[in-house]
Amino acid sequence: MKTINEETLCNLILQMYKSWFSSPEQIIEAFQTVNLNPAPFLAYFQYHQKQSQSFNPEDIKALKQNLLIQRKICLNSKLNLFIAANTVLITLFPEIIYSLLLQTPIICRVPDPLLLPFYEKFRELIPPELRDLVSFDYWPSQELEVTKEKINQANCLIIHGSDQTIKQIAELKNTNQIVLGFGHKISFILCAFNENFQNNLDYWVSLIAEDLFAFLQRGCLSAQVIYCVAEPEHESDILKFCHKLNNKLEKFDWQMQPFSAFEKFHFTEKNILNKNNELIGNHIIYSKNQAFEYMPINGLVWVKPLKENELTNLDFIPNNLIDKIACIGHNLPVRDIQKVQSKLNYNLRFSDLGFMQKTCLFWLQDPSIVFI
């Protein structure tokens, strides 16, 4: 590709960023193009609308410097192939920005061919000088020969999906290719039942509900469990919180398909037979078993009490998951978060409640799997 000087490049990318997130109406129209409900995505887009308006070319230059450090392993790539997961539709946007900042063309393999018109809407908003560097494609993952052909075109493969998917694709790479795999992660909330939380319960419930509803609770940054940091005598307060949160979640359209509704019924039926569990409304399973548990159905969340003195030993996270934490949403004081951080020696996201899914461009997640 023809090299663009840094100042021009940063201005073009800033222009693109602002264009992508210029108005909620534009976003709603893009989703309606493919008959998708935009509601679970609006908070993310509105956040980036505000971010893009506050950004200037110096911010884009600073982002590029971060990339030169954190993505140096793929600086010599002549073509990136990004393979997106089928859970969150927006993961392509930051990867496009990162590739363009490094002046590397990128092909994005989307998870569903029906989504191609959606992404083309955003490609049309890329400045003409950069538009030919971005393309969207689809091919069935089971067609291995096609997959091999597509993989062989690229120097760097960036893959979002399960660890198994990443390893399967990595087996098809050649010796000169780099694979950055972003495998499945877990996220949860640590919620302190302090005076501020109790006195402003409706406010905090709204923030937590927003975090849960974003992307229909399907992403790695979506909370599976809410740990309520409180002593046993506050159980009635926790149950009050559960009922308020359930009522808030009832107001959202979770787009439950018949199969998912059937699966949800059997999941909740199985779990409420356990005397340690209590189903609260349609969206909460209250459990005194502190162990982290996956929530396989969107629109459901575990709520579990946790004593303050049990907060920082992290015994509630199984050993095989302790290095797979993507995000901890919280309202804890700094001293408690520092205690949690001291138990973990890798880069994860600590987020204020209401911002678990609102990721700034400067948050560069470390790949969980790298093949060179």
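Student: Explain helix α11 (residues 201-213) to me, using residue names and the numbers behind them.
Tutor: Look at α11: 18 Å from first C-alpha to last across 13 residues, which is about the 18 Å you get at 1.5 Å a residue. Within α11, burial applies to L201, W204, V205, L207, I208, A209, D211, L212 and F213.

Student: Explain a nonpolar patch on the surface to me, using residue names and the numbers behind them.
Tutor: Together, L68, I69 and L75 make up an exposed nonpolar region whose accessible area comes to about 250 Å². Relative to the elements of secondary structure, L68 occurs in helix α4 (residues 57-70).

Student: A description of the sheet that holds strand β3 (residues 134-137) should follow, citing residues and the corresponding values.
Tutor: Through backbone hydrogen bonds, the strands of a sheet pair up, either in parallel or in antiparallel fashion. The 6 strands lie next to each other as β3-β2-β1-β4-β5-β13, forming an open sheet whose pairing is mixed. Of all strands in the sheet, those bounded by a partner on one side alone are β3 and β13 (369-371). The sheet shows a mean angle of 15 degrees between the axes of neighbouring strands, direction not considered. Here strand β1 (residues 80-83) pairs with strand β2 (residues 106-109) via 4 bridges, running parallel. By the bridge assignment for β2, N80 is matched with I106.

Student: Any details on the packing of aromatic side chains? Residues and values, ideally.
Tutor: All told, the structure shown has 36 aromatic pairs when counted by the stated rule. The positively charged end of R349 is found above the aromatic ring belonging to W363, 5.7 Å away from the centroid.

Student: Lay out the nonpolar core with the relevant residues and their values.
Tutor: Side chains of nonpolar character tend, in soluble globular proteins, to be buried together. Judged by nonpolar contacts, the single largest core of 57 residues is most densely connected at I13, W20, F45, I97, Y119 and L130. With 8 residues, the top contributor of residues to this core is helix α1 (residues 6-20). Filtering out sequence-adjacent residues up to four positions away, F45 remains in contact with F21, I27, F31, I90, F93 and F122.

Student: Lay out the environment of N5 with the relevant residues and their values.
Tutor: With respect to the helices, strands and loops of the structure, N5 is situated in the segment before α1. Classification of N5 as partly exposed rests on a relative accessible area of 48%. For N5, the side chain forms a polar contact with the main-chain nitrogen of T8, separated by 2.8 Å.

Cut-offs applied
Residues numbered from 1 in each chain as written. Predicted model: local features only at pLDDT ≥ 70, side-chain atom pairs only at ≥ 80, totals over all residues. Heavy atoms only, no water. Helix = DSSP H or I, 4+ residues; strand = E, 2+ residues; numbered from the N terminus. Expected span 1.5 Å × (residues − 1). Buried < 20%, exposed > 50% of the residue type's maximum accessible area, 1.4 Å probe, protein only. Patch = residues over 30% accessible without salt bridge, like charges linked within 9 Å, V, L, I, M, F, W, Y side chains within 5 Å. Areas by Shrake-Rupley, 256 points an atom, 1.4 Å probe, with all protein chains shown as cover. Salt bridge = Lys/Arg side-chain N within 4 Å of Asp/Glu carboxyl O. Pairing = 2+ DSSP bridges. Axes fitted to C-alpha atoms, helices over the stretch in contact; angles between N-to-C directions. Phe/Tyr/Trp six-rings, centres within 6.5 Å; stacked < 30°, edge-to-face > 60°. Lys NZ or Arg CZ within 6 Å of the ring centre and 35° of its normal. Core = buried A, V, L, I, M, F, W, Y, C linked by side-chain atoms within 4.5 Å. Contact = heavy atoms within 4.5 Å. Polar contact = N/O pair within 3.5 Å; in protein donor to acceptor, adjacent residues only side chain to side chain.

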